[in-house]
Structure formats: structure tokens, C-alpha cells
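Here is what each chain is made of, one letter per residue.
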Amino acid sequence: MSRPIQIKKHPFPSLLYLEWTLLAITALTAVIPPPLRQFRPKPPELSICGVFPDLSVCSILPQLSIYSLIIFALMGLRLPSSNQITKVIYTAIEILLILTTGLFGERFARLFPVLYIILVTRSCLIFKLPGRLFITTLSFTLFLVTTQLKYQLFNFQASPQAQAQERSRFFSLNWSLTFGLSLVFVLLMMNAVLSERHSREKLAIANEKLRQYALRIENQATLEERNRIAREIHDSLGHSLTALNLQLETALKLWQSNPIRAETFLATAKELGSKALKDVRQSVSTMRSNPLQDQSLEHAIASLSENFHRSNGILPIYQINLEYSLPPEINTAIYRITQESLTNISKYADATEIKLELTTTRGNLRLIIQDNGRGFDLGQNTTGFGLHSMRDRTLATGGEFNINSAPGSGCKITVNIPLTRLT
């Protein structure tokens, strides 16, 4: 059960399986000779024991080569990822195992190229680019040195004619260049794979940060909307209910002594109750997540105008000219800005004429809401929650929010939202 857990810790498990497959195929090729080779004279053993057969350790060196090969294969299960010293020691042990496998076991001499390629592959997973280049250069150098050493061992045993043939086989320029280019190819391929993986990881981190940021923005917007509704309820509904309660208390006191005057207070209380009911409906409408409810922006603004006319007796003059459909987030922003503007006009402006214009030009959406009310001083009254909310909604869509007003000169709100991505 422990091996699968260790394999999962490898950065590229499929690469580890490929290493084992290459080692197994090459080892089998070295151990099982081709059928035609059994009819040829057995060549001298190109190892230390082939030169010095009387050494006492020659009996255990073949087994040592096999064990070194197995250890080298199993070392791929766990690559070091801590400090630099551990990585250097790990790589040094790998090089020692490669030399032990090739120099002391003649059958596994042909494993040298595969072992060095695996060494370069693992170094790419362990070191940064300078370390990778160093290990690649060291692998090619060791390959040439061990090949030279094999040739020197062969000179002790072979005839001059065989030496010349073997020399041409060992020191083939094409073979050396091919092996060197193979190492460079492996290095470049691993760099590309690691670079792509690093880019994916950075992209995943960026996406996660963006998701968290969007979640914070959404929570902040929800909190601001709740605060706005709470303030609206406190300022409008709370005031209306307090006044309603006072009117009812006064009517009860005058009911016995002055019924006619008590009826006046009851009528006022009824008006306050109607106003409170209107404020409740408006708050509920504001809390809806989709205020348009599958209707077009034109119809939604028309409904706002009709509601304003019923509540205030003034019918806004609106002109809407949209050349193409808008994204839902822009539709919602325009609706909320219009709704907030009409609410502010109803509460504070005392206007008798309201004009609303919504048009799309080349790559731009413009909303203009203008009234002839009493206006206000821009230097003192631009920090209200309603204006702040409209400005934030405009900026959230990448647009610009402007307001022009002066005492006794009405108010004009202009919203410009770029739509270049839609044209």
C-alpha cells in the first residue's frame, strides 16, 4: 500500500513508469542475447573483472551491478524537494550507481545511454536551469569518459585488429553526437513541459485569486445593498410609521371631545400608511436579484415611469433608442441607476418636469436623467448613499458617472458606459 502513495508524490507518475519501462527493455536486451550471437565467438568481457579475473570481489560485482540498477530505478519514486544539499547528494548517488552498473557489469554496459538520459530527466525535476545544464554536460562527459575506459579495458585483452574495430565502434563521432543531441533534446523537452506546468499552476492560482476577489466583491456589494435598504427603511418607513403612530394617538385623544378634528388626523394617518406601504413595496422591489424579471430594459423603465406618475402625479418624459441588446449586468445597472434617480427626485427635488434619455451610439451607452427641481450644492451634497450607489454601479461596468446641479437649477445625471466589446 505504500508504493502507490509514493508514486502519487512523483510530479509526473507517467514519466516514472516510462523510466522503468526503458530500463526493463534495455536490461532484457542486455541479458538475453540475440539468437545469432550464440554462434559467434564470445568477445572478451569489457569490465574490470575481464582484465583482472583473479580479484576476490569479481564474484560479487555482477550482483552489485544488478542491485545498483534496481536501487537506481527505485530512487525515482521519491525525488528530493527540500534543500540544495539533499538534491546534490541524491544526484551524486545516482551517478555512483550508474558507474557501478556500467563498469562492474559488462552485460549492462549498453544501459549507459538510457541511464544518463534518465539522470538528465530527473535533474530537470530537481534543479533549476543552471543545475540542469550542469548535469546534462556532466552526463555527456561521463559517457565519453566511461566509453574511453571501456576501450582501455578492451586493449588489455583484444588483438590489434580487434582493437582497431572496437575503437571505431567506441569512438564513432556520429554516435557521440547523436547521444549528445539526445541529451539536449531531453533537456529542452523537459524545460518546455515544466514551463507549461508552471504556467498552468500560475494560471490556476490567478483564477483562484480572481474567484476569491469576485466573491469578496459580491459580498461587499450585497452588504452595501443591505445597508442601503436598511437606511431606506429607517429614513422613510420608520419616519412614516412614527408619524402614523402620533396621528393615531392624537385622533384617539380627540375622538370624544372633537370628532371632526379627529377625522382629520385619521385621514392623515391613512395617507402615511399608504406611503409606508409604498416604501415597503419599493424596498422589496430593490431586494429582488433580477429586477427586470425577463422583461426588456425599455419595458422596465416604462414601468418605473408609470409608478412614479402614480405616486407623484408627474409623468417622466423618456426617450429610449437601443440599437442592440445589452448584457444582463449592464441592463441591471441602468435599471438600478434609473430607479435610484427617480427615488431621489421624488424625495428631495420637488420637480415638475423629468426627462430621461437612454441611447446607444458607436461603442457607447448614454443615460441622461434631468429634472427642474430645487437642485443642491455639489460641494456639500455629493456623499449621499443614493449618489454613491449610482456611482459605484457605473464604475463597476467600466463607465463614467457625472452629476451637474446647483441650488434652484435642478439636477442632471449623465452615465456613459463603453460598449466597444459588443460592436
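Each remark here, short or long, concerns the structure printed above.
All residue numbers here refer to positions counted from 1 along the written sequence of the relevant chain. It should be noted that, the model being predicted, local features are given only for residues of pLDDT at least 70 and side-chain atom pairs only at 80 or more, the latter also being counted only at that level, while totals for whole chains, interfaces and linings use all residues. Side-chain measures here rest on the full set of heavy atoms in the structure, leaving out hydrogens and waters.

Q: What am I meant to see in the overall build of the chain here?
A: What counts as a helix is a DSSP run of H or I of at least four residues, what counts as a strand is a run of E of at least two, and both are numbered from the N terminus. From N to C terminus, the chain includes 13 helices and five strands. Classification of residues uses two cut-offs on accessible area relative to the type maximum, computed with a 1.4 Å probe and protein chains only: under 20% is buried, over 50% is exposed, and between them is partly exposed. Buried residues in the chain amount to 39% of all 423 residues. In what follows, residue pairs with any heavy atoms lying within 4.5 Å of each other are defined as contacts. For the chain, the share of sequence-separated contacts (at least 6 apart) that also reach a separation of at least 24 residues comes to 70%.

Q: Can you help me understand the packing of aromatic side chains in this one?
A: Remark: the centre distance and the inter-plane angle together describe each pair of aromatic rings, the angle taken between the planes. Classification of ring pairs uses Phe, Tyr and Trp, with its six-membered ring standing for Trp, and accepts pairs whose centres are within 6.5 Å; under 30 degrees between planes counts as stacked, over 60 as edge-to-face, and the remaining range as tilted. All told, the structure shown has two aromatic pairs when counted by the stated rule. With centroids separated by 6.4 Å and ring planes inclined at 70°, the aromatic side chains of Tyr116 and Phe179 adopt a geometry described as edge-to-face. With Tyr116 in helix α6 (residues 112–126) and Phe179 in helix α9 (residues 173–254), this pair connects stretches of sequence that are 63 residues apart. Phe179 carries the same exposure label as Tyr116, and that label is buried. Definition used: whenever NZ (Lys) or CZ (Arg) falls within 6 Å of the ring centre and also within 35 degrees of the ring normal, the charge is taken to sit over that ring. Over the ring of Phe72 we find Arg122, and its NZ or CZ is 4.5 Å from the ring centre.

Q: What is the right way to read the sheet that holds strand β1 (residues 317–321) from this model?
A: Strand pairing in a sheet relies on backbone hydrogen bonds, with the paired strands running either antiparallel or parallel. In spatial order, the strands read β1-β2-β3-β5-β4; together these five strands make up an open sheet with mixed pairing. Edge positions in the open sheet fall to β1 and β4 (400–405), since each of these has one partner strand only. The sheet shows a mean angle of 10° between the axes of neighbouring strands, taken without regard to direction. For two strands to pair, DSSP has to find at least two bridges joining them. Orientation is described by lines fitted to C-alpha atoms, with helices fitted over the stretch in contact, and by angles between N-to-C directions that extend from 0 to 180 degrees.

Q: What am I meant to see in unusual backbone geometry here?
A: Working note: non-glycine residues mostly have negative phi, and peptide bonds are mostly trans. Positive phi, normally seen in glycine, also occurs at Asp350, with a value near 55°. Looking at where Asp350 falls in the secondary structure, it is placed in the loop between α12 (328–349) and β2 (354–361). Note on Asp350: relative accessible area 58%, which makes it exposed.

Q: Help me understand the side chain of Thr91 in this model?
A: In this fold, Thr91 is placed in helix α5 (residues 84–103). Using a relative accessible area of 5% as the deciding quantity, one classes Thr91 as buried.

Q: Sorry, what's going on with the pattern of salt bridges here?
A: Once their charged atoms are close, side chains differing in charge can pair, the charge on each being opposite to the other. In the sections that follow, a salt bridge refers to a side-chain nitrogen of Lys or Arg positioned within 4 Å of a carboxyl oxygen of Asp or Glu. Using the criterion set out here, one finds six salt bridges in the structure. Linking Glu196 and Arg200 is a salt bridge whose minimum nitrogen-to-oxygen distance equals 3.4 Å. Of this pair, Glu196 and Arg200 both sit in helix α9, separated by four residues, roughly a single helical turn. Given a relative accessible area of 48%, Glu196 falls into the partly exposed group. The shortest N-O distance in the salt bridge between Arg211 and Glu208 comes to 2.8 Å. Residue Arg211 and its partner Glu208 are located together in helix α9, separated by three residues, close to a single helical turn.

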